Structures are given as C-alpha cells and as structure tokens.
Amino acid sequence: MRVTSILLKVLMAITGLAWFGFSITHLTANFLILKGADAFNGYAEGLAKFGPLLWVAEAGLVLLLLAHVGSAFRVTRMNKVARPQGYVVSQTRGEATLGSRTMAIGGVILLAFLIIHVKMFKFGDWSGGNGLHGLVVRSFKNPLIVGGYVLAMIAFGLHLSHGVASAFQTLGILKPSWRPRLKEIGFFIGWAIAFGFAALPIATFFFV
Amino acid sequence: MKVTLKVWKQNGKNGQGELKSYESPDVSPDCSFLEMLDLVNNDLESKNQEPIGFDSDCREGICGTCGMVINGVAHGPGHGTATCQLYMRQFKDGDVLTLEPWRATAFPVIKDLVVDRSAFDRIIQAGGYISVGTGAAPDGNAIPVPKENADLAMDAAACIGCGACVASCKNASAMLFVSAKVSHLALLPQGEPERERRVIAMVEQMDKEGFGACTNEGECEAACPKQISISNIARLNREYWRAKLLEQPVRVEKGG
Ligand code: HEM
Ligand code: SF4
Ligand code: FES
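Residues numbered from 1 in each chain as written. Chains lettered and ligands numbered in written order. Predicted model: local features only at pLDDT ≥ 70, side-chain atom pairs only at ≥ 80, totals over all residues. Heavy atoms only, no water.

A. Geometry of the overall build of chain B. The secondary structure content of chain B amounts to 8 helices and 7 strands. Taken over the C-alpha atoms alone, chain B extends approximately 75 × 45 × 35 Å along its principal axes. The buried share of chain B, taken over its 256 residues, is 54%. For chain B, the exposed surface amounts to about 11900 Å²; the carbon and sulfur share of it is 49%. Computing the positive centroid from 27 side-chain charges and the negative centroid from 34, chain B places the two 5 Å apart. (Helix = DSSP H or I, 4+ residues; strand = E, 2+ residues; numbered from the N terminus. Buried < 20%, exposed > 50% of the residue type's maximum accessible area, 1.4 Å probe, protein only. Areas by Shrake-Rupley, 256 points an atom, 1.4 Å probe, with all protein chains shown as cover. Lys, Arg positive; Asp, Glu negative; His and termini not counted. Charge placed at Lys NZ, Arg CZ, Asp CG, Glu CD.)

Have a look at this one:
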C-alpha cells in the first residue's frame, strides 16, 4: 500500500489519541500517590499481577509511540521539503497557536521525558523503603527533578492543546458544526491533563 | 497617496532572488492595488527598466491568477478577497509593502511574483472524469440532491484554485484546495460512480507534486478568498480512508 500524507496523518492521530487516552488513566491512578504508600503500592502490585497481560499492554504502548514518532517524523520532514524557503516577512492570520507551531520540538522534548521517566520509576530502584511510593516521593523532593517535570508538562500541555483537536479533525469523525467547540475543548482538556500531571510533583515536594 | 514597494525579484525557479525597492507614483486611494502595480510598471517601462513580474487575469476575484503575499499575508489584508480585489484605501500613505511570491516547492517561481501553479491542474487531471449522461439537457430536479449537500457542494465549488491556501500554510499543504475539489463532487450523486477512485488518485498526485501535509492550523481557511472551510479537509480525510477501506484489489484475470 502506498504511504500517503493522509495515511501518515491518520496513523499519527490514532496513535496520538491512544496515548492521550493512556495519559488520562495514568493521571487518574497517579493521584493515589497523595493517598499514601499503601494505596499507591497496592495499585502498582495489582497491576504487576496481570503478568504477561501487562507486558502485552506495555509492548503495545511502545509500538504505538514508535508509530506516532515515526509518522510525525515523516510528516514533519515532508512539510519542510514542501517549503524550503520561508517568507522574508511572515505574519499569521491569527489561527496559528504556540502549540501548533511547536508540535515537533515539543514532541522531541516529550520523547526525551518519556525515556527518562520510565527509567527513573519503572526501572528504578524500588528497594529503598516504601517501594515505588518511596521512590517517587524521594525523587520529587529533588527540586531539579520537580523543575524538569514541570517543564516537560508544559511541553505536554502545548502538544495536547493543539494535538487533541487536530487529531479529531484529521480523522474527520465529528460533524463540522463541532469544530469551533472542538478547538476549545481540546485546548482545555490538554492543559487540564498537563496541569494535573505537574501538580503531583509540586504537591509531593511541598506537602508530602 | 504613495507607497514603497519591496518586491521579490527572481528569474526562473533556480534564480537567486532578492528584494528590490520601488516607489509608487502618487495614486488615488480608489485605485486598485493591481492598477497601482500597472502604474509602477508603466513608469519602469518608460525608463527602459524591467517591470515587476506579476500575474492577473479577470481582476474580479474569479480566476485565481493574481495571488501574491503582501507583508506576509497571502492576498494581502482583505478578508475573503483575492489580490485583485484590494484597493489602495486599504493601505496608508507612506506604507512599505513587501511583495513576495507564493513559496512552495510545488509552485516554482517563473518570474518575480509569478509562480507556476500547474501542479493544481495535474491534481485536477488525476481526479479524472465523472459519469453523466450526455445528450439533451436533463430535467431539473431529475436527480434529487438534499438541500444541505447542494449547499456544501456549492460552497466547495467556489474554490478558484488560486493557491493562497498553499502559500499561507506553514507546511505548503494543498489539502484545502484538494478537499474543496474532492468535496464538491463527493457530495453530489453525479460524483458518486468514481468517488473512491477520484479521492485516492488526487491525494497521490498531491503528494507526488511535493505539497506538505495539513497540520490543522486553519491559516489556509483564513487566507482563502472564497472562505473554503477546513471542515472540507476533515471530509477529504474521511473520504480517503473510506475509499481505502472499500478499495477493491485489482483482479488480474488469468489468460486462456
Ligand atoms: C504522551 C505522548 C504523546 C501524546 C499523547 C501525543 C499526542 C499527539 C496528538 C493527539 C497529535 C495530533 C495528531 C494530529 O494532528 O492528527 C500529535 C501530533 C504530533 N506529535 Fe505527538 N504525542 C505524544 C508524543 C509525541 C512524541 C514523543 C513526539 C516526537 C518525538 C511527537 C510528535 C508529534 C508531532 C511532530 C505531531 C504532528 C503535529 C502536526 O501535525 O504538526 N508526539 N501528538
Ligand atoms: S481553497 Fe481557497 S485558497 Fe485554496 S486554491 Fe481554492 S480558493 Fe484558493
Ligand atoms: S485576477 Fe482573477 S482572481 Fe484576481
């Protein structure tokens, strides 16, 4: 099958939305951190009980991310080739947003963040007392780590503030009358999730 | 009133382009923008200097020939208008206007502000024919079309192929144009027989011409002189993957 621009965009949208969905469940579960070590560790151990099923889900997430990054990379390169020389004077008509202009660089930041994040917690040292909860709390007492997380979540908020509405538009599954509202809803949900994620390290740093 | 023009001068697509300054003569605010350029060119020609290359034809916003980027905005400061529908009163006395051609790999510069938009023609060609009975004019309303679809198809058919969508898109994507052309026929019964074939062929041609891929920013819609809605792009994408799902594998019959 020929890989066309629209197929790449559809792949990017589906995989992006899948990760968007995962990030919502991940955020919900993370709030257990504030409930205390038993609740959070219990949840983590409960997940681990799924064994092979969990591995399949994790492998699926990795594949989805690879497909997202791969299609995003190809689309971005295609777009650069299509406009090698910019305008001397360039101005927007007000539709472009900071999010829409920083999707690629924001994506690269997110990728770096995801690698560090998984290494820090999933493959981190859970044996220092209080299991995973202890590791998370100790990490979030380090101002550098908290600062890094907040910066990464700004990148995430920017990415989603354009990405969520964009993905629905790309898939073309909503009625056109939805579009103006969709832009607003996507913007709001995107930032709400990013704020939620950023709130956890901040709350841990100050209050736990 | 007078304006200063900084015009992109370039010979052919491989030429080294640069901005060159010109002073306009004193013109009436009711002079059209292109008439002002005509007057500048008359001046240049009378002094035996090379005129500014720009394109126009109908000068009433229906042919799509006249596009240029004025101070970073495709078709200049108007809304829902083409360059030829601008008047000097939309500018101020003493303004400095930077004029640049559409910039896209798929639209090579021919001369100064004139670009070759034949990539659009090849996309239309790739779309191919529609199957309608020839002969006497059909009876009105012989083929019922829902009012809503008729309106949407008519809106999409308003596209004049000017290329401002490509020019104003940060990705030089032609998806607004292609989506207008695909929507216009996909919404009507007359476009039904070749519906799947057409969208696949037009999208493949669009890619082959070297246009970018839409990022759903919406700058194209804001620049379009015919205010084509980007909900057409959502329809284009839907038409495309629908066609891909319905696509029949080409069956090769065994010879006898
Ligand atoms: C949790 C991680 C991520 C989520 C939830 C996410 C979500 C999304 C969504 C929903 C879109 C919109 C798709 C569309 O426009 O049709 C998108 C686009 C994009 N993403 Fe991601 N993404 C993530 C990570 C990444 C990473 C790691 C990269 C790159 C290294 C990346 C690069 C891009 C790019 C370049 C686009 C294209 C935007 C455009 O059309 O201009 N994303 N993402
Ligand atoms: S969609 Fe609008 S901007 Fe694009 S070619 Fe058609 S009329 Fe011009
Ligand atoms: S000259 Fe025909 S649209 Fe401007």
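B. Spotlight on the site of ligand 2. All names here are of chain B. Looking at ligand 2, there are 13 residues lining it, with C159, C162, G163, C165 and C224 nearest. More than half of the atoms belonging to ligand 2 lie within 2 Å of the grid points that define the second largest cavity. Looking at the shell around ligand 2, the elements that each hand over two or more residues are α4 (164–168) and α5 (175–186). Tallied by class, the residues present in the shell around ligand 2 amount to 11 nonpolar, 2 polar and no charged. (Near = heavy atom within 4 Å. 1 Å grid on protein atoms, 1.4 Å probe; cavity = no way out; pocket = protein on both sides within 12 Å on 5 of 7 lines; lining within 4 Å. Sits in = over half its atoms within 2 Å of the grid points. Nonpolar A, V, L, I, M, F, W, Y, C, P; charged D, E, K, R; others polar.)

C. Fine view of the packing of α5 of chain B against helix α8 (residues 231–246) of chain B. All names here are of chain B. Look at α5 against α8: their axes get within 8 Å of each other, and the N-to-C directions meet at 70 degrees. Classified by the angle their axes make, α5 and α8 are roughly perpendicular. Where α5 crosses over α8, the handedness of that crossing is left-handed. Residues M175, L176, V178, S179, A180, V182, S183 and A186 of α5 lie in contact with α8, whose contacting residues are N232, I233, R235, L236 and E239. When its residues are assigned to classes, the contact of α5 with α8 shows 8 nonpolar, 3 polar and 2 charged. (Axes fitted to C-alpha atoms, helices over the stretch in contact; angles between N-to-C directions. Parallel < 35°, antiparallel > 145°, perpendicular 65-115°, else oblique. Left-handed = near helix turned anticlockwise from the far one by under 90°. Contact = heavy atoms within 4.5 Å.)

D. Structural context of the site of ligand 1. Among the 24 residues in the neighbourhood of ligand 1, the closest are listed as H68, H159, S166 and T170 of chain A together with T215 of chain B. In this structure, an oxygen atom belonging to ligand 1 sits 3.4 Å away from a side-chain N or O atom of K9 of chain A. H159 of chain A is positioned with one of its side-chain polar atoms (N or O) 2.8 Å from a nitrogen atom of ligand 1. Elements represented by at least two residues in the shell around ligand 1 include exactly α1 (5–30), α4 (52–82), α6 (103–120) and α8 (143–171) of chain A. Looking at the shell around ligand 1 residue by residue, the class counts come to 14 nonpolar, 9 polar and 1 charged. (Polar contact = N/O pair within 3.5 Å; in protein donor to acceptor, adjacent residues only side chain to side chain.)

E. Local environment of the pattern of salt bridges. All names here are of chain B. A full pass over the atoms with the stated rule returns 16 salt bridges over all chains. We note a salt bridge from E100 to R103, for which the minimum N-O separation is 2.8 Å. Residue R103 is classed as buried on the basis of its relative accessible area, which comes to 6%. Via salt bridges that share partners, K9, E50, K111 and D112 belong to a single interconnected network. (Salt bridge = Lys/Arg side-chain N within 4 Å of Asp/Glu carboxyl O.)

F. A look at the coordination of the iron atom of ligand 1. Residue and element names in this part refer to chain A. Looking at the iron atom of ligand 1, one finds its protein donor set to be H68 (NE2) and H159 (NE2), positioned 2.0 to 2.1 Å from the metal centre. Relative to the metal, the 6 donor atoms surrounding the iron atom of ligand 1 lie at angles of 85 to 179 degrees, and the coordination shape comes out octahedral. Of this pair, H68 sits in helix α4 while H159 is found in helix α8, placing the two residues 91 residues apart along the sequence. (Donors = N, O, S within 2.8 Å, 3.2 Å for Na, K, Ca; no water. Tetrahedral: all angles 85-135°; square planar, octahedral: opposite > 155°, others 65-115°.)

G. Representation of empty space enclosed by the protein in the model. Residue and element names in this part refer to chain B. Scanning all chains against the criterion turns up 4 cavities of 30 Å³ or more. Estimates place the volume of the largest cavity at around 110 Å³. Taken together, 16 residues form the lining of the largest cavity, with C169, C214, T215, G218 and C220 sitting closest to its centre. Counting residues per element, the ones that place at least two in the lining of the largest cavity are α5 and α7 (219–223). (Points joined across faces, edges and corners; volume = space filled by probe spheres on them.)

H. Layout of the interface of chain A and chain B. If you look at the interface, chain A gives 41 residues, while chain B gives 54 residues. For the pair chain A and chain B, the summed buried area comes to about 3800 Å², and 50% of that belongs to carbon and sulfur atoms. The interface formed by chain A and chain B contains 2 salt bridges. Between R179 of chain A and E221 of chain B there is a salt bridge, and its shortest N-O distance comes to 2.8 Å. Linking chain A to chain B there are 34 residue pairs in polar contact (both at pLDDT 80 or more). Those elements giving two or more residues to the side of chain A that touches chain B turn out to be α1, α4, α5 (98–101), α8 and α9 (179–207) of chain A. Broken down by class, the residue content of the side of chain A that touches chain B amounts to 17 nonpolar, 16 polar and 8 charged. (Buried area = accessible area lost by both parts, 1.4 Å probe.)

I. Local environment of a nonpolar patch on the surface. A contiguous nonpolar surface patch, about 630 Å² in accessible area, is contributed by F31, L34, I202, F206, F207 and V208 of chain A. A total of 3 residues in the nonpolar patch trace back to one element, the largest contributor, which is α9 of chain A. (Patch = residues over 30% accessible without salt bridge, like charges linked within 9 Å, V, L, I, M, F, W, Y side chains within 5 Å.)

J. Structural view of the layout of surface pockets. When its volume is computed, the second largest pocket comes out at roughly 320 Å³. Around the second largest pocket, the lining is made up of 19 residues, and of these L174, K175 and P176 of chain A together with R235 and R238 of chain B lie nearest the centre. Elements represented by at least two residues in the lining of the second largest pocket include exactly α8 and α9 of chain A together with α3 (147–157) and α8 of chain B. Here the lining of the second largest pocket takes 4 residues from α8 of chain B, the largest share from any one element. Split by residue class, the lining of the second largest pocket holds 9 nonpolar, 5 polar and 5 charged.

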